[in-house]
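Understanding the architecture of this molecule
Chain by chain, the residues run as shown.
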Amino acid sequence: MSIPWVEKYRPARIQDVAGNDEAKKAFVAWLNKWLAGKPGKKAALLYGPPGTGKTSLVHAAARQYDLELLEANASDVRNSAALERRIWRALTESSLFGKRAKIILLDEVDGINPREDAGGLAMILKFIENTRYPLVLTANDPWDPKLRTLRDKCLLIRFKPLGIRIITSVLASICKKEGIFCDYQVLRAIAEKCKGDLRAAINDLQAIAFGKKRITLEDLDMLGYRAKQADMFEIVRMVLAARSPEHARSVLSLPSLDYEMLMQWLSENIPHQYAPSLQAIADAYDALSLADIFLQRAKRTNEWSLLSYALNLMTVGVASARDKPKFRFVKYSFPQKIRLLSQTKKYREIRKRIASAIARKCHVSTRTVIRDILPFLFVIYEADAKLAEEIVKSFDISPKTFRAIIKQ
Ligand SMILES: Nc1ncnc2c1ncn2[C@@H]1O[C@H](COP(=O)(O)OP(=O)(O)O)[C@@H](O)[C@H]1O
Ligand SMILES: [Mg+2]
């Protein structure tokens, strides 16, 4: 696996963003007004289904107009006081002479739940109110009634699912650039299946074309195969029971394979499958831990060429453990770590909310609050509940919310 084609072929210029001509026109007109110093609405909300080019259009425009792009996922901004400050600074900074103009993208604002987190919505409204630069928001589904005020403040730009013809032609141009011969019918079948989502279509194409220079209708069977593959048990079995490196590696061509999830599942189930051979278990874990190192490094350094080492290690590497016992059917179990994380999700969410409120006032990171401040608040609470609640209130946190994380 090399770089994902969805990244490699992300449209570089506005005209490369396929389809949705009206949306593009409206966006460019809005941006031009801004840059001429006469913004209509200060923010534009690009909305519509995933994989239709919302994020790509903003990237392409930034490049073409030579704007400095500041981009963040809206929920991340909401959950990190530091990031929120950074965006705020960028939005409100007066444009110094000679400095590049900016555009700011808050991606996926509907990821903020307006019911549970009124502050998140208020944050965005405050951003819109105060921005000195074009502010772009994106959302898949902005029709929550609570987002009404937000919608009123934005220029709404709708992205529709992409048509089959457009998708087919994008796929064809990718094949051409990759030097792959592909039957038109195959491309059309991929396009039909992805329901207007070009990201999904490109991912499917890359999976089918994996290691090939010519794609035929038979290769499409893989897509049918893919429909059945959601079962993680089966994938784990394919790796652990693989009789050859090719078998083990074949799971990598499942386009929707979530390799981080696969690592959790392997980590949980290696001992089930490879017991009683300690040698096999040790070898398999060695390969898996090496995979983890490569993966983390790839993520940290953005050096995605390391990904293929991680992927090979977690499949072929694990499967080539020495002294594997003969294959037998064992019952796999769901990864404990994921179960634990989901059981404590609510608790961690509340804790994070409290921590970020404190973080903002104390000018430290949420992490520091969780590590250095919360434990003391708990101690204070034990000694003098009233006092602790007073302190908490001074951070604009309701004592009730605070008590919710103490009982744990
Ligand atoms: N309209 C489009 N034209 C060209 N490529 C697209 C288009 N829409 C999506 N893609 C492809 O899919 C990927 C994801 O698109 P993205 O802009 O992130 O979608 P969205 O933000 O609407 O979910 C892009 O990197 C690109 O490869
Ligand atoms: Mg997007």
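Residues numbered from 1 in each chain as written. Chains lettered and ligands numbered in written order. Predicted model: local features only at pLDDT ≥ 70, side-chain atom pairs only at ≥ 80, totals over all residues. Heavy atoms only, no water.

1. Some points on the overall build of the protein chain
- Check the secondary structure of the protein chain and you find 21 helices and seven strands.
- Reported as C-alpha extents along the three principal axes, the dimensions of the protein chain are approximately 65 × 65 × 40 Å.
- Here the protein chain holds 408 residues, and the buried ones make up 43% of them.
- Counting only contacts in the protein chain whose residues sit at least 6 apart along the sequence, the fraction spanning at least 24 positions is 74%.
- Counting only carbon and sulfur atoms, one obtains 55% of the accessible surface of the protein chain, whose full area is about 22200 Å².
- Taking the 67 positively charged and 45 negatively charged side chains of the protein chain as two groups, their mean positions are separated by 3 Å. (Helix = DSSP H or I, 4+ residues; strand = E, 2+ residues; numbered from the N terminus. Buried < 20%, exposed > 50% of the residue type's maximum accessible area, 1.4 Å probe, protein only. Contact = heavy atoms within 4.5 Å. Areas by Shrake-Rupley, 256 points an atom, 1.4 Å probe, with all protein chains shown as cover. Lys, Arg positive; Asp, Glu negative; His and termini not counted. Charge placed at Lys NZ, Arg CZ, Asp CG, Glu CD.)

2. Considering the domain arrangement of the protein chain
- With domains assigned, the protein chain is organised as domain 1 (5-158), domain 2 (164-227), domain 3 (232-338) and domain 4 (345-406).
- Spacing between the C-alpha centres of domain 1 and domain 4 amounts to 32 Å.
- Taken together, the six residues of domain 1 in the interface contact six residues of domain 4.
- Taken together, both faces of the contact between domain 1 and domain 4 bury some 560 Å²; the carbon and sulfur share is 40%.
- When the buried area of domain 1 at its contact with domain 4 is split by residue, Asn79, Ala81 and Arg85 rank highest and sum to 60% of it.
- Linking domain 1 with domain 4 are zero salt bridges, by the criterion used here.
- Summed over the shared surface of domain 1 and domain 4, the result is zero residue pairs in polar contact (both at pLDDT 80 or more).
- For the side of domain 1 that touches domain 4, the element with the highest residue contribution is helix 5 (residues 81-92), accounting for three residues.
- For the side of domain 1 that touches domain 4, a count of residues per class yields one nonpolar, one polar and four charged. (Domains from an automatic or database assignment. Buried area = accessible area lost by both parts, 1.4 Å probe. Salt bridge = Lys/Arg side-chain N within 4 Å of Asp/Glu carboxyl O. Polar contact = N/O pair within 3.5 Å; in protein donor to acceptor, adjacent residues only side chain to side chain. Nonpolar A, V, L, I, M, F, W, Y, C, P; charged D, E, K, R; others polar.)

3. Observations concerning the environment of Leu220
- Checked against the element boundaries, Leu220 lands in the loop between strand 7 (214-215) and helix 11 (221-227).
- The exposure class assigned to Leu220 is buried, which follows from its relative accessible area of 14%.
- Through-space distance from the C-alpha of Leu220 to that of Ile190 is 8.3 Å; in sequence the pair is 30 residues apart.

4. So, the pattern of salt bridges
- Within the structure shown, the criterion is met by 15 salt bridges.
- Residue Asp117 is joined to Arg78 by a salt bridge in which the shortest nitrogen-to-oxygen separation is 2.8 Å. Of this pair, Asp117 sits in the loop between strand 3 (102-107) and helix 6 (118-130) while Arg78 is found in helix 4 (residues 74-79), placing the two residues 39 residues apart along the sequence.
- Between Asp152 and Arg148 there is a salt bridge, with the nearest N and O atoms lying 3.6 Å from each other. Residue Asp152 and its partner Arg148 are located together in helix 7 (residues 148-153), separated by four residues, close to a single helical turn.
- Judged by relative accessible area, which is 43%, Asp152 ranks as partly exposed.

5. Regarding the nonpolar core
- Leu240, Leu262, Leu266, Ile270, Tyr274, Met314 and Val318 are the most contacted members of the largest nonpolar core, which totals 31 residues.
- Put simply, the parts of the chain that give this core at least two residues each are helix 12 (232-240), helix 14 (259-274), helix 15 (278-301) and helix 16 (307-319).
- Per-element accounting of this core gives the leading share, seven residues, to helix 15.
- Contacts of Tyr274, omitting those with residues within four sequence positions, involve Val239, Leu240, Ala280, Ile281, Ala284, Val318, Ala319, Ala321, Lys324 and Pro325.
- Ala43, Ala74, Leu106 and Leu125 belong to the second largest nonpolar core, which has 26 residues in total. (Core = buried A, V, L, I, M, F, W, Y, C linked by side-chain atoms within 4.5 Å.)

6. Brief notes about the pairing of strand 3
- In terms of residue burial, strand 3 counts as a mostly covered element, since six of its six residues are buried.
- Of the two faces of strand 3, the one holding Lys102, Ile104 and Leu106 and the one holding Ile103, Leu105 and Asp107 are both buried throughout.
- Pairing of strand 2 (residues 68-73) with strand 3 involves six bridges; the strand directions are parallel. Of the residues in strand 3, the one forming a bridge with Leu70 is Ile104.
- With three bridges connecting them, strand 3 and strand 4 (residues 135-139) associate as parallel partners. If you follow Leu105 over to strand 4, its bridge partner there is Val136.
- Taken together, strand 3, helix 6 and strand 4 constitute a β-α-β crossover, and its handedness is right-handed. (Pairing = 2+ DSSP bridges. Right-handed = clockwise from strand over helix to strand, strands pointing away.)

7. Side note on the sheet that holds strand 4
- Here five strands make up an open sheet; going across it, the order is 2-3-4-1-5 and the pairing parallel. Among the strands making up the open sheet, the edge pair consists of strand 2 and strand 5 (154-158). For this sheet, the mean angle separating the axes of adjacent strands, direction not counted, is 20 degrees.
- Bridge analysis of strand 1 (residues 43-47) against strand 4 gives five bridges, and the strand direction is parallel. Bridged to Leu45 within strand 4 is Leu137.
- Where helix 3 (residues 54-64) meets the sheet, it contacts strand 1, strand 2, strand 3 and strand 4, and its direction lies at approximately 170 degrees from that of strand 3. (Axes fitted to C-alpha atoms, helices over the stretch in contact; angles between N-to-C directions.)

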